[in-house]
Amino acid sequence: MKRLFLTSLILAAIIGNTNYVFSQTNDKHVFTIETNKIKAAIQPTMYGHFFEDINFGADGGLYAELIKNRSFEFPQHLMGWRTFGNVTLREDGPFERNPHYVRLSSPNHSQKHTGIENEGFFGIGLKADAAYRFSVWARGNGQKIRIELINNETMEESQVLTSKEITIDSPEWKKFEITLTSPATIDKARLRIFLTSKGDVDLEHVSLFPVDTWKGHKNGLRKDLAQALADTKPGVFRFPGGCIVEGTDLATRYNWKNSIGPVENRPCNENRWHYTFPHRFFPDYFQSYGMGFYELFLLAEEIGAEPLPVVNCGLACQFQNETMDAHVPVDQLDPYIQDALDLIEFANGDAESEWGKQRAEMGHPEPFNLKFIAIGNEQWGPEYPERLERFVKAIREQYPDIQIIGSSGPNSEGEDFDYLWPEMKRLKVDLVDEHFYRPESWFLAEGNRYDSYDRKGPKVFAGEYACHGANGKKWNHFHASLLEAAFMTGLERNADIVRMATYAPLLAHVEGWQWRPDLIWFDNLRSVRTCSYYVQQLYGTNRGTHVIPLTMDKQPVSGQAGQDGLFASAVWDEENQRYIIKVANTSDQPQALQLDFKGLKKDERLANGSAITFHSDDPDADNTLDNPHAIVPKESAIAIEGKTLVTTIHPMTFMVYRFTKEK
Ligand code: AHR
């Protein structure tokens, strides 16, 4: 064994990668699983999701609204709209924070038409026979408008898919609502509104939703995407960012108070991802806040995850603002701290409290049972702890049970990271958020990252991570997901200190992305779960309740030199009386394994064995919208001889083995 190890080291030195070495022998690797040593509890929050409105993840994505710029509040007020005939923009509408609206007036000539047409987000996706709820705030004196869903690309005689007329019979602003059923599946339809009678009619907050949303909510979410989130059994749901929490400047930071209450009066905010990468520029990307904090708390509840909101700490994006001028002076932080305290009251306060009342009025009198709050996103420098300290003091005083999450900066190591961790310990935050978008070599080397972490300080939240292929290989592909799976064995093995982990980013529109890889891709009608998604799902649905020791030659199996690219972890699932072993073979050689389950009592046996295999022959491939199930985990029964499983794990493969304990 020693000779083999030395050979590996020499080989590693030659090829410059200590983790990608594999022996050419077929030596069996003997794993010892100590079934009777039930170690740290694995938190229900261990695997979850991080949601940010990036890549058109909210408006144009998870938020099911189909109309872009529905309130005419983009800085170019008619962006996303085509007008024809006699249309004027006005700004004394019924909603204080969204004052713009349009007036449709009779055209000057009887043969001409007046109206507006919305292009949706990359078009409007319609499904055959599905119902769509159109609504509009309007005023008029009996004027008629005709609402049409049109297929702009049609070769048919008529562009019109379906239409209905509404009589605007209210001189005061009033909400009108109709349902339209699409006769066909069209991915890039449009909505057109004609004025069909004489006179003026005013229109504001023009909206179109599928009736069939997630859980049927009216201001609802896209069902396939929300279902995909639920299907990983997430334990935590971090929102709303990410960089959008910080804002390019403080004025454009995510302000949760603007994201609640009636949707018509939630002010439009810019979305920094519209211009962050000029090579992926989306001038029509704004935040409607239609899916605001209430909807996000509700979603967390409905997918069974603990909500984890992130609030601005008084610092705008530090990448974009090098001087302190853009930030809140420490002695003027109080309103920001108050926002954090009010948020806790919004989530947990009783229905009589100021902010709890707002939650109750929105439809949720019961508290959301918020347990965690993150202060700041990717912050650094002394300016961060200086501000965080004040938040910590105020939150501890008023809400001692709330767990506070601090930042370790944008990098997984280095100067900022080394400075911030001790600061987080000094401030006694409960968890520290670590972010790592790193290449293959990093994921291969970091399988033992948390083995040596200080157990006495704050716990770890791996709040944003993904394997970004080196040499420009930034697209989603199987190999990256395999390395994520391998690395995650180290999170799991260290579940006493790692309490949460969330891949990032979560969602991306195929026509509107700024950042990749991402967990789930979608277009206007379809979505696809990537290989990285399936890794998250395999962990989320096989979380277990407690860590149990798994070693090879008395060492954790973490892809270290001499371990043939193997990574592994073992957990006990108390509820299902099940042992779950996860093994990633990151090498390009098959590996013979012997799994010895030690410590079972004489009358105990292992039964109902199953093995889930996750593998792709093409490491560069992933699932696509056209072929969404190309690479999916496959489960089969597996027989075990007594308390030992002898098996071979194929090259580049992630395996999950499960056995129930029976008497
Ligand atoms: O996930 C994309 C971005 O990456 C997040 O907004 C930010 O926190 C990180 O830099």
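Note that this is a predicted model, so its numbers are computed, not measured.

Calculation notes
- Residues numbered from 1 in each chain as written.
- Predicted model: local features only at pLDDT ≥ 70, side-chain atom pairs only at ≥ 80, totals over all residues.
- Heavy atoms only, no water.
- Core = buried A, V, L, I, M, F, W, Y, C linked by side-chain atoms within 4.5 Å.
- Buried < 20%, exposed > 50% of the residue type's maximum accessible area, 1.4 Å probe, protein only.
- Helix = DSSP H or I, 4+ residues; strand = E, 2+ residues; numbered from the N terminus.
- Salt bridge = Lys/Arg side-chain N within 4 Å of Asp/Glu carboxyl O.
- Pairing = 2+ DSSP bridges.
- Axes fitted to C-alpha atoms, helices over the stretch in contact; angles between N-to-C directions.
- Near = heavy atom within 4 Å.
- Polar contact = N/O pair within 3.5 Å; in protein donor to acceptor, adjacent residues only side chain to side chain.
- Right-handed = clockwise from strand over helix to strand, strands pointing away.

Student: Before we go on, may I ask you to explain the nonpolar core in this structure?
Tutor: Soluble, globular proteins show a tendency: their nonpolar side chains are buried together. Core analysis: the largest hydrophobic core is formed by 130 residues, its most contacted members being Leu62, Phe237, Ile373 and Ile395. Counting residues per element, this core draws most heavily on helix 10 (residues 478-493), at nine residues. In terms of nonpolar packing, the next biggest core, distinct from the first, is built from 32 residues, Leu149, Ile166, Phe176 and Ala189 among them.

Student: Teacher, can you tell me more about the pattern of salt bridges here?
Tutor: When charged atoms on two side chains of opposite charge get close, those side chains can pair. A full pass over the atoms with the stated rule returns 46 salt bridges. The salt bridge involving lysine 37 is made with glutamate 34; its shortest N-O contact spans 2.8 Å. With relative accessibility at 22%, the residue glutamate 34 sits in the partly exposed group. Linking aspartate 169 and lysine 174 is a salt bridge whose minimum nitrogen-to-oxygen distance equals 3.9 Å. Residue lysine 174 is classed as partly exposed on the basis of its relative accessible area of 38%. Bridged by salt links that share partners, the residues Arg82, Glu117, Arg146, Glu148, Arg190 and Arg192 form one connected network.

Student: I tried to follow the sheet that holds strand 33 (residues 644-649) on my own but got confused; where do I start?
Tutor: Sheets are built from strands that pair by backbone hydrogen bonding, the pairs being arranged parallel or antiparallel. What the four strands build is an open sheet, ordered 27-1-30-33; its pairing is mixed. Strands with a single pairing partner mark the edges of an open sheet, and in this sheet they are strand 27 (550-552) and strand 33. Direction aside, the axes of adjacent strands within the sheet are offset by 25° on average. In terms of strand pairing, strand 30 (residues 591-598) meets strand 33 through six bridges, oriented antiparallel. Paired with leucine 593 across the two strands is threonine 647, which belongs to strand 33.

Student: Looking at this structure, I do not really get the site of the ligand. What am I missing?
Tutor: Around the ligand sit Glu52, Ile54, Gly242, Cys243, Trp273, Asn377, Glu378, His435, Tyr437, Glu464, Pro505 and Trp515, and that is every residue in its neighbourhood. One of the side-chain nitrogen or oxygen atoms of glutamate 52 is found 2.5 Å away from an oxygen atom of the ligand. Side-chain polar atom of tyrosine 437 to an oxygen atom of the ligand: 2.7 Å apart, as the coordinates give it.

Student: Hey, could you run me through unusual backbone geometry in this one?
Tutor: Most of the time, phi is negative for any residue but glycine, and the peptide bond is trans. Here the bond from glycine 241 into glycine 242 is cis, since omega is 20°, no more than 30 degrees from zero. Of the consecutive residues alanine 504 and proline 505, the connecting peptide bond is found in the cis state with omega at -20°. Here proline 505 lies in the loop between strand 22 (498-503) and strand 23 (507-509). In this structure, phenylalanine 122 is a non-glycine residue whose phi angle is positive, near 55°.

Student: Sorry if this is basic, but what is going on with the pairing of strand 21 (residues 459-467) here?
Tutor: Residues in a regular strand project their side chains so that they alternate between the two faces of the sheet. Within strand 21, eight of the nine residues are buried, which leaves it mostly tucked inside the rest of the structure. When strand 20 (residues 431-438) meets strand 21, the two strands line up parallel, connected through eight bridges. By the bridge assignment for strand 21, histidine 435 is matched with glutamate 464. The β-α-β motif built from strand 20, the intervening helix 9 (residues 440-445) and the parallel element strand 21 has right-handed crossover chirality. In this sheet, strand 22 lies alongside strand 21 in parallel orientation, the contact comprising four bridges.

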